[in-house]
Amino acid sequence: MFAKAFRVKSNTAIKGSDRRKLRADVAAAFPTLGTDQVSELVPGKEELNTVKLYAHRGDAVTVYVSGGNPILFELEKNLYPTVYMLWSHPDLLPTFTTWPLVLEKLVGGADLMLPGLVVPPAGLPQVQKGDLCAIALVGNRAPVAIGVAAMSTEEMLTSGLKGRGFSVLHTYQDHLCPEGHQLDIKKSSYKKLSKFLQHMQQEQIVQVKELSRGVESVVAVDWRHPRITSFVIPEPSLTSQSVQEGSREQPYRPPDIKPLYCVPASMTLLFQESGHKKGSVLEGSEVRAIIINYAKKNDLVDADNKNLVKLDPVLCDCLLEKHEQHSIMKLPWDSLVTRCLEKLQPAYQVTFPGQEPVVKKGKICPIDITLAQRASNKKVTVVRNLEAYGLDPGSVAATLQQRCQASTTVTPAPGAKDSLQVQIQGNQVHHLGRLLLEEYHLPRKYIQGLEHAPKASKKK
């Protein structure tokens, strides 16, 4: 909504009676906020303004600004928090998580698609279609966007996490966000900006210079300073922590992956007798049972050799190539089932511990480990597709950096939408294999590239 510049119609201070009404509206819209929190959000005497504006699409929006920071906005008589407000109340809304790469697209006006969601070990928050939700990034509890759920959590899982998940209304770094980020020095212990900057310079956090007479400028910031790197959002209260603790600090457990088969249009005649249609998803054992029942029901088992099945027109059309249809009249049971499985479209079911199964079409991509040459012929190990198995590339990179004592980076995976790859300096396939196989307990069949591990040197 605020991806492009908006036009301000008016900016007026809120009177006492209107403040009381706004407090009542906030309490009604967000019942989890206590009385003190509502009063802090809508103060009685401090600066509070109403900004009426028109978004780039013509929507009339009312923004409530406290101390120069947008805290709420109203659209079609519905009240919404800004990301600035959610930084102070990160548990106000059910929060869904996505990858950092997705934020740029959300800021540009895109909605959040379900393939971009990161499913935590405790599962997705339970919401209904139309519920207001917050969106955060992996590794950071601070919300970066606000949106409306396009479907319920149950529908998201049933869809295999495909399609549009959230209609995004507002994001960090959009045109509403720059209206904030103001520090009211007068309400701090410093009282004056010059004293605040002087103290920050003494702490060696910033470097201040007088570039022009009477004007002090911040010319450098030490982003690695402990005071900055140690800054975290306060942890949630005990009541909300009990809900969220399941999504943090739990040991990784691999998903259960089951191969499935999807009925294409070319195979519907064979499966319709058993009540299945185009798009039906079946397990291999179900496919075998359907084939056996079809052959027996239609009296296709060869009377002279029970191991053979006569092919009727339906089986011919579904299982045989055109050049085979006049030469093959019978098939052994195993060949019959094998041909049928090969003609069906692949699919798979992924079930993470404590979550509902998710069915996806196609074959699951294995974790891919490769070696590459970089500058000065230095080798690096690259691993992709970690997200499909519920692994956070950032966490894997941090673990490998410690284990291998080598530098690691996380970058967008070339040619893969909303996917990241981990790059480790040197040939670290051996360490990576031990991590994936022995600690994460992933089946070897879902990992490719382990053969690139350096060969043990032969003793002389």
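Under the annotation held in an unreviewed UniProt entry, the protein carries the name Eukaryotic translation initiation factor 2D and is attributed to Oryctolagus cuniculus. Word for word, the UniProt comment on the protein under Sequence similarities (unreviewed entry) is "Belongs to the eIF2D family." Under the Subcellular location (unreviewed entry) heading, UniProt states for the protein: "Cytoplasm".

Another point: the overall build of the protein. Looking only at helices and strands, the protein has 14 helices and 24 strands in total. Relative to its length of 460 residues, the protein is extended, with a C-alpha radius of gyration of 30 Å against a globular reference of 23 Å. Dimensions of the protein, computed from C-alpha atoms along their principal axes, come out at roughly 100 × 70 × 40 Å. Here the protein, with 460 residues, has 41% of them falling under the buried criterion. Taken together, the 56 basic and 46 acidic charged side chains of the protein have centroids lying 5 Å from each other.

This part is about the pattern of salt bridges. All told, the structure shown has 11 salt bridges when counted by the stated rule. A salt bridge links Asp-302 to Lys-330; its shortest N-O distance comes to 2.4 Å. Of this pair, Asp-302 sits in the loop between α10 (284-297) and β16 (308-310) while Lys-330 sits in strand β17 (residues 330-332), placing them 28 residues apart in sequence.

The contact between helix α13 (residues 393-404) and helix α14 (residues 429-439) brings their axes to 10 Å, and the two run at 120°. The angle between the axes of α13 and α14 places the two elements in the oblique class. The element α13 and its partner α14 pack so that their crossing is right-handed. Residue-level inspection shows Val-396, Thr-399, Leu-400, Arg-403 and Cys-404 of α13 in contact with α14, the latter providing His-431, Leu-432, Leu-435 and Glu-439. Looking at the contact of α13 with α14 residue by residue, the classes come out as five nonpolar, two polar and two charged.

If you check the domain split of the protein, you get domain 1 (7-87), domain 2 (100-171), domain 3 (258-347) and domain 4 (367-452). Facing eight residues of domain 1, the contacting portion of domain 2 comprises 10 residues. Taken together, the two surfaces of domain 1 and domain 2 that pack against each other cover about 710 Å², and 82% of this comes from carbon and sulfur. On the domain 1 side of the interface with domain 2, the three residues burying the most area are Tyr-80, Val-83 and Leu-86, jointly 56% of the side's total. If you look at where domain 1 meets domain 2, you find zero salt bridges.

Here is a general trend for soluble globular proteins: nonpolar side chains tend to be buried in one another's company. By size, the foremost hydrophobic cluster in this structure holds 34 residues, and its most contacted members are Leu-22, Val-26, Leu-33, Val-63, Leu-72 and Phe-73. When residues of this core are traced back to their parent elements, those giving at least two are α1 (16-29), α2 (35-41), β2 (48-54), β3 (60-66), β4 (69-75), β5 (78-81), α3 (83-88) and β9 (132-137). Once you skip the residues sitting within four places of it in the chain, Leu-72 turns out to touch Leu-22, Val-26, Phe-30, Thr-62, Val-63, Tyr-64, Leu-79, Tyr-80, Pro-81, Thr-82 and Met-85. Grouped together as the second largest cluster of nonpolar side chains are 30 residues, Tyr-252, Tyr-389, Leu-432 and Leu-436 included.

Cross-referencing UniProt, the feature "domain: SUI1" (unreviewed entry) maps to residues 367-440 in the present numbering. End C-alpha atoms of residues 367-440 are separated by 13 Å, and the span's content is 31% helix alongside 32% strand.

With that settled, consider the pairing of β2. With five of its seven residues buried, β2 lies for the most part within the structure. Pairing of strand β1 (residues 7-13) with β2 involves six bridges; the strand directions are antiparallel. Residue pairing for β2: Ser-10 is matched across the bridge by Lys-52. Bridge analysis of β2 against β3 gives seven bridges, and the strand direction is antiparallel. Bridging from a neighbouring strand, Thr-50 pairs with Tyr-64 of β3. Between the end of β2 and the start of β3, which pair antiparallel, lie five residues, with Gly-58 showing a positive phi angle near 100°.

This part covers the sheet that holds strand β8 (residues 117-118). Each strand in a sheet pairs with another by means of backbone hydrogen bonds, the pair being arranged parallel or else antiparallel. Strand order in the open sheet formed by six strands is β7-β11-β10-β9-β6-β8, with mixed pairing between adjacent strands. This sheet does not close on itself; its edge strands, each paired only once, are β7 (112-113) and β8. In this structure, β7 lies alongside strand β11 (residues 164-171), joined through two bridges in antiparallel fashion. Within β11, the residue paired with Met-113 across the bridge is Arg-164.

By the burial criterion, the buried members of α14 are Val-429, Leu-432, Gly-433, Leu-435, Leu-436 and Leu-437. Once α14 finishes, His-441 follows within two positions and takes phi at roughly 55°, a positive value.

Position of Asp-174 among the secondary structure elements: in the loop between β11 and α6 (193-202). Put simply, Asp-174 is tucked away with no salt bridge, and the nearest opposite charge, on Arg-57, sits 12 Å away. At 3.0 Å, the side chain of Asp-174 forms a polar contact with the backbone nitrogen of Leu-176. Not counting the four nearest positions on each side in its chain, Asp-174 is found in contact with Phe-2 and Val-107.

A word on the packing of aromatic side chains. Pairs of aromatic rings are described using the distance from one ring centre to the other and the angle between the two planes. Tallying each qualifying case throughout the model produces eight aromatic pairs. With a centroid separation of 5.2 Å and an interplanar angle of 25°, the aromatic rings of Phe-73 and Tyr-80 are classed as stacked. Each member of the pair, Phe-73 as well as Tyr-80, is classed as buried. Taken together, the aromatic side chains of Phe-2, Phe-6, Phe-73 and Tyr-80 make up a single cluster linked through ring pairs.

Reading the values: rules and limits
- Residues numbered from 1 in each chain as written.
- Predicted model: local features only at pLDDT ≥ 70, side-chain atom pairs only at ≥ 80, totals over all residues.
- Heavy atoms only, no water.
- UniProt positions renumbered as here; feature names shortened; annotations may be inferred.
- Helix = DSSP H or I, 4+ residues; strand = E, 2+ residues; numbered from the N terminus.
- Rg over C-alpha atoms; globule rule 2.2 N^0.38 Å.
- Buried < 20%, exposed > 50% of the residue type's maximum accessible area, 1.4 Å probe, protein only.
- Lys, Arg positive; Asp, Glu negative; His and termini not counted.
- Charge placed at Lys NZ, Arg CZ, Asp CG, Glu CD.
- Salt bridge = Lys/Arg side-chain N within 4 Å of Asp/Glu carboxyl O.
- Axes fitted to C-alpha atoms, helices over the stretch in contact; angles between N-to-C directions.
- Parallel < 35°, antiparallel > 145°, perpendicular 65-115°, else oblique.
- Left-handed = near helix turned anticlockwise from the far one by under 90°.
- Contact = heavy atoms within 4.5 Å.
- Nonpolar A, V, L, I, M, F, W, Y, C, P; charged D, E, K, R; others polar.
- Domains from an automatic or database assignment.
- Buried area = accessible area lost by both parts, 1.4 Å probe.
- Core = buried A, V, L, I, M, F, W, Y, C linked by side-chain atoms within 4.5 Å.
- Pairing = 2+ DSSP bridges.
- Polar contact = N/O pair within 3.5 Å; in protein donor to acceptor, adjacent residues only side chain to side chain.
- Phe/Tyr/Trp six-rings, centres within 6.5 Å; stacked < 30°, edge-to-face > 60°.

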